[in-house]
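Residues per chain are reported as follows:
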Amino acid sequence: MNEGSSTSCGLQGKRSDPLAKISWTSLAKGLELPTSHYQLSREWVQQYIEATEDSATVALGDEAVPAMAVAALAVRSLLEGIELPAGALHVGQELECRRDVRVGEGLVTKAQVASAGKRSGWFLAAIDLRVEDESGEAVLTGRSTVTAPAQNS
Amino acid sequence: MKNTEIELGSELKPVAKTLSQEKINRYSLASSDNNPLHTDPDFAANTQFGGTIAHGMLLLAYLSEMLTANLGRRWLERGRLKIRFRAPARPSDVVTALGRVTRVSDGRASCEVELRNDKDELLVSGEAEVPF
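Residues numbered from 1 in each chain as written. Chains lettered and ligands numbered in written order. Predicted model: local features only at pLDDT ≥ 70, side-chain atom pairs only at ≥ 80, totals over all residues.

Engineer: What is the right way to look at the environment of A:Val113 in this model?
Structural biologist: Residues and elements named next belong to chain A. Tracing the sequence through the fold places Val113 in strand β7 (residues 106-119). For the pair Val113 and Leu27, spaced 86 residues apart in sequence, the C-alpha separation works out to 6.9 Å. Beyond its immediate sequence surroundings of up to four residues, Val113 is in contact with Leu27, Ala28, Lys29, Gly30, Leu31, Ala125 and Ile127. (Helix = DSSP H or I, 4+ residues; strand = E, 2+ residues; numbered from the N terminus. Contact = placed C-beta atoms within 7 Å.)

Right, dumping it as structure tokens:
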């Protein structure tokens, strides 16, 4: 299995298969996307908080990580794992926080196609997301729904 | 931080943000979501949107800030959110996250949540749930 590393403002990221990008039209129920590993550096969490101007999480202390920062990592695994066509739209999102996440934790993002198919001229895919801590316990789960015109799919 | 009392019908304190292309670009960098629909005005001008739009996950970050401000750690520890993106948010939009407690039962509280722009257009709608 190939492993690739990337760094974004101190966010250490590593994908299980950095070369694989699954084509949008080949998405099928049950398909698993490559996993990604992240180390939540203080620098990256700060960058995320500044980008989103999240004063509420700051008020909870300097170890707190916004729930949507964790969710953003899960969505990032979709963007890096799927060759989304131009015109693809993020139309729905479900999220469940299983526990709060702290600065410095190591996380693994996993994604699996829950459903995919054409409907009324659009290709619609629902993708289940799971973010785990280093012990394999879920810290956040959810489902992203993405669509694109079928003629571009 | 003093959290909002969870009572049926109570309104959550709203959170408002003024979007800009610079803020959208900053979110692209932080999230590594570099879709040109968000960051490239020339590319975006030729799409169905006619210009750049904010990331959906940036809008959810604003909703999440409102939930954190009102509900505190219980949102980060055991919160649930289910939303639909209804319309795009554009640079210069003032977007406001709003919420209202609609159900309190079985140890959990449900809130109707939404995000609207300064033209009162609905951008995001859905439901959040937290233990209490």
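Engineer: When you look at the interface of chain A and chain B in this model, what are you seeing that I'm missing?
Structural biologist: The extent of an interface is frequently quoted as the accessible surface area lost upon association of the parts. Each side of the interface is counted separately: chain A has 31 residues, and chain B has 30 residues. Only α1 (42-52), α2 (55-58), α3 (67-81) and β6 (89-97) of chain A provide two or more residues apiece to the side of chain A that touches chain B. At eight residues, β6(A) tops the list of elements feeding residues into the side of chain A that touches chain B. Broken down by class, the residue content of the side of chain A that touches chain B amounts to 16 nonpolar, eight polar and seven charged. The pairing of β6(A) with strand β2 (residues 80-85) of chain B spans five bridges and is antiparallel. Each residue of the ladder has a partner; that of A:Glu94, found in β2(B), is B:Lys82. (Nonpolar A, V, L, I, M, F, W, Y, C, P; charged D, E, K, R; others polar. Pairing = 2+ DSSP bridges.)

Engineer: Help me understand the pairing of strand β5 (residues 122-131) of chain B in this model?
Structural biologist: For a regular strand, side chains alternate in direction, first toward one face of the sheet and then toward the other. Residue and element names in this part refer to chain B. Bridge count for β2 against β5 is six bridges, and the pairing is antiparallel. From the neighbouring strand, Leu81 faces β5, where its bridge partner is Ala128. Of the strand pairs in this sheet, strand β4 (residues 108-116) and β5 are connected by nine bridges, and their pairing is antiparallel. Across the sheet, the residue bridging to Glu112 is Glu127, located in β5.

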